[in-house]
Structures are given as C-alpha cells and as structure tokens.
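Working through the structure, step by step
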Amino acid sequence: MGRVSGKVALITGAARGIGRAQAIRLAQEGADIIAVDLCGPVDTVVTPPASREDLDETVRAVEATGARIVADIVDVRDGTVLRAAVDAGVKELGGLDIVCATAGITSSAGALDLTEQQWQTMIDINLTGVWQTCKAATPHLIERGSGSMILTSSIAGLRGLVGVAHYTAAKHGVVGLMRSLAQELAPHHIRVNSVHPTNVDTLMIQNDMVRQKFRPDLEKPTRAEFAEAAVTMNMLPIPWVEPVDIANAALFLASDEARYITAVTLPVDAGSTQR
C-alpha cells in the first residue's frame, strides 16, 4: 500500500469502467483524485452514456478508501471548462502529480461508410480530448517539477482493426501525442506513456452493437456467445480483461517503480497484438 501516497491524480472518464477503476486503484494506494466525466450522451454513439449517478458512485468508492476526491461534469472537448475544472481541483487538493487521460467513445462503420460527424466526433473526443487533458494538466506538473501522464490508447493504437477506422486513427494519434509529449516534458522530469488494452469488460463492448459485430451469425448474441468469438482475438484463452487490469498498469506507470519509464506503449492485451 501507499505506492502513490501523497500524490494527486486527474482522471478523465472517471464515472465508470476503466476511469472509475483507475480512480479507486490510485486512491487505494494513497492518491487524492480529481475526477471528471461528461455524464451524458454523445451524438453518433449508441452505447449507454455514463450518468451523474455513475460519477457519484465513483466518489463514494474513492471516499471509502479514505482518499479525498473532487468530481465535476466536464466535456473533454471543451478546453476552457476542462482547464477551469483542473485548476479548481488542483487548488482544493494542493497540486497535481498523475494524469490518466481515459475518456473515450466507440462507434462502428466501415472506413468509407463513416459520416463526417462520426469521424469528427471520434477525433474530437478520443484524440483532441486527450490533448486538451494534457494541456490542462501540464502547467501543474511543471510547477510540481515531476509527474506521470498515462494516456489510454488501445490495441487499435498499435494495429489496424476492421470497422473502426476512425477509432483506430484516433488511438494511433494518441501514441504520436504521447511520444512527442514525452520528448517535450522530459526536461521537467515528467514521464508520458500509453496503455493499450484489448477488449475490456465494460459497457463499451458489452452492448448489442459490439456483440452483433462479433457474432453476425446470431440475431441477439448473449454475453456467453459474444465471449466465444471475443476469445479468438487474444493469445491467452480469455475473451476480455477487467478494468482493474488497466488500472493496475496505470498505477505502475504512475508509481516510483516506473520512475525511468517514459515514451512506452504498454499493451495490456492478453497477447492480442502479437497474435
């Protein structure tokens, strides 16, 4: 315990899924949390949106560890509002040391079938939103004189995937952003890395749209029927990983155990990218 004791972590997409797991896991290890999430629907996205109640549940879970948390409803596409929320959280909690840029969306269509709105919304949230998060956080890390940024990418940031060209392009873009930031921020003792999950057991995959893509042979695939197809993506014989697996990777990269690790693309993918 205490691997990030005394530190403050900013987490986007914190209402549920990977973001919530990161908030809880870092809090368990001693960090205070600045948590932001849109908590509402996004045009072009059919998966159920996070809610204020989801964010409230994250707050309760973090507070149960004994950590402090400041939570706010923020759209990462809005740099002005995001910077104001980060500044307010830093003022209340006394600084910033860790950034988990995790907010993201998913949708599906062939590359030539995507609408301009589908493309633009994906890039705005999954790439520009990550840049906005880093931009809002960096001055506070520089003031601290150290820090760790963990950008949540995907196996789609390391290889091409069919039917999600816009998602793949955005997640590749996150890797490019990470590598440039790692170079620019190294003189300030700030490390920047990316994490690349395979399928994660959250509502981003556990929905009718994704299940149907994996099992087009079935009218309404069940969770178990989806798992039969999803397992073929991975080298290890599992259909998906859990949010805490990604949170544990972020915790490692945020901790002093990774003090000399920067500009790394870390797969948490059950071997998917090497299959």
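Reference entry: report on the structure contained in this document. (Residues numbered from 1 in each chain as written. Predicted model: local features only at pLDDT ≥ 70, side-chain atom pairs only at ≥ 80, totals over all residues. Heavy atoms only, no water.)

**Describing the pattern of salt bridges**
Side-chain pairs of opposite charge can arise whenever the charged atoms involved come near each other. Considering all chains together, one arrives at eleven salt bridges under this definition. For Asp56, the salt bridge goes to Arg52, with nearest N and O atoms at 3.1 Å. Residue Asp56 and its partner Arg52 are both found in helix α2 (residues 52-63); the two are separated by four residues, about one turn of the helix. The shortest N-O distance in the salt bridge between Lys220 and Asp208 comes to 3.0 Å. On the criterion of sequence distance, the pair formed by Lys220 in the loop between α6 (208-214) and α7 (223-230) and Asp208 in helix α6 is long-range, its members being twelve residues apart. (Salt bridge = Lys/Arg side-chain N within 4 Å of Asp/Glu carboxyl O. Helix = DSSP H or I, 4+ residues; strand = E, 2+ residues; numbered from the N terminus.)

**With respect to the layout of surface pockets**
Which parts of space are left empty comes out when a probe the size of a water molecule is rolled across the atoms. Size it by volume and the second largest pocket reaches roughly 170 Å³. Around the second largest pocket sit Lys7, Asp97, Ile98, Ser146, Gly147, Ser148, His189, Arg191, Ala254, Asp256, Arg259 and Tyr260, which together line it. (1 Å grid on protein atoms, 1.4 Å probe; cavity = no way out; pocket = protein on both sides within 12 Å on 5 of 7 lines; lining within 4 Å. Points joined across faces, edges and corners; volume = space filled by probe spheres on them.)

**Quick word on the environment of Lys135**
Mapped onto the secondary structure, Lys135 falls in helix α4 (residues 116-144). For the pair formed by Lys135 and Gly79, sequence separation is 56 residues and the distance between their alpha carbons is 8.4 Å.

**Here's the deal with the packing of helix α1 (residues 17-28) against helix α8 (residues 243-254)**
Each pair of packed helices can be described by the angle between their axes along with the distance between the axes. Their axes nearest at 8 Å, the elements α1 and α8 cross at an angle of 50°. In terms of orientation, α1 lies oblique with respect to α8. Two packed elements cross with a definite hand, and for α1 against α8 that hand is right-handed. Contacts between α1 and α8 pair Gly17, Ile18, Ala21, Gln22, Arg25 and Leu26 from the former with Pro243, Val244, Ile246, Ala247, Asn248, Ala250, Leu251 and Ala254 from the latter. When the residues that make up the contact of α1 with α8 are grouped by side-chain class, the tally is ten nonpolar, three polar and one charged. (Axes fitted to C-alpha atoms, helices over the stretch in contact; angles between N-to-C directions. Parallel < 35°, antiparallel > 145°, perpendicular 65-115°, else oblique. Left-handed = near helix turned anticlockwise from the far one by under 90°. Contact = heavy atoms within 4.5 Å. Nonpolar A, V, L, I, M, F, W, Y, C, P; charged D, E, K, R; others polar.)

**Quick notes on the sheet that holds strand β5 (residues 147-152)**
In spatial order, the strands read β3-β2-β1-β4-β5-β6-β7; together these seven strands make up an open sheet with parallel pairing. Since the sheet does not close on itself, it has two edges, and those belong to β3 (69-73) and β7 (265-268), each with one partner. Within this sheet the neighbouring strands show an average axis-to-axis angle of 15°, counted without direction. The pairing of strand β1 (residues 8-12) with strand β4 (residues 98-101) spans three bridges and is classified as parallel. Counterpart to Ala9 in the pairing with β4 is Ile98. Seen against the sheet, helix α3 (residues 79-93) touches β1, β2 (32-37) and β3 and runs at an angle of roughly 160° to β2. Along the sheet, helix α5 (residues 165-185) makes contact with β5, β6 (190-197) and β7, crossing β6 at roughly 160°. (Pairing = 2+ DSSP bridges.)

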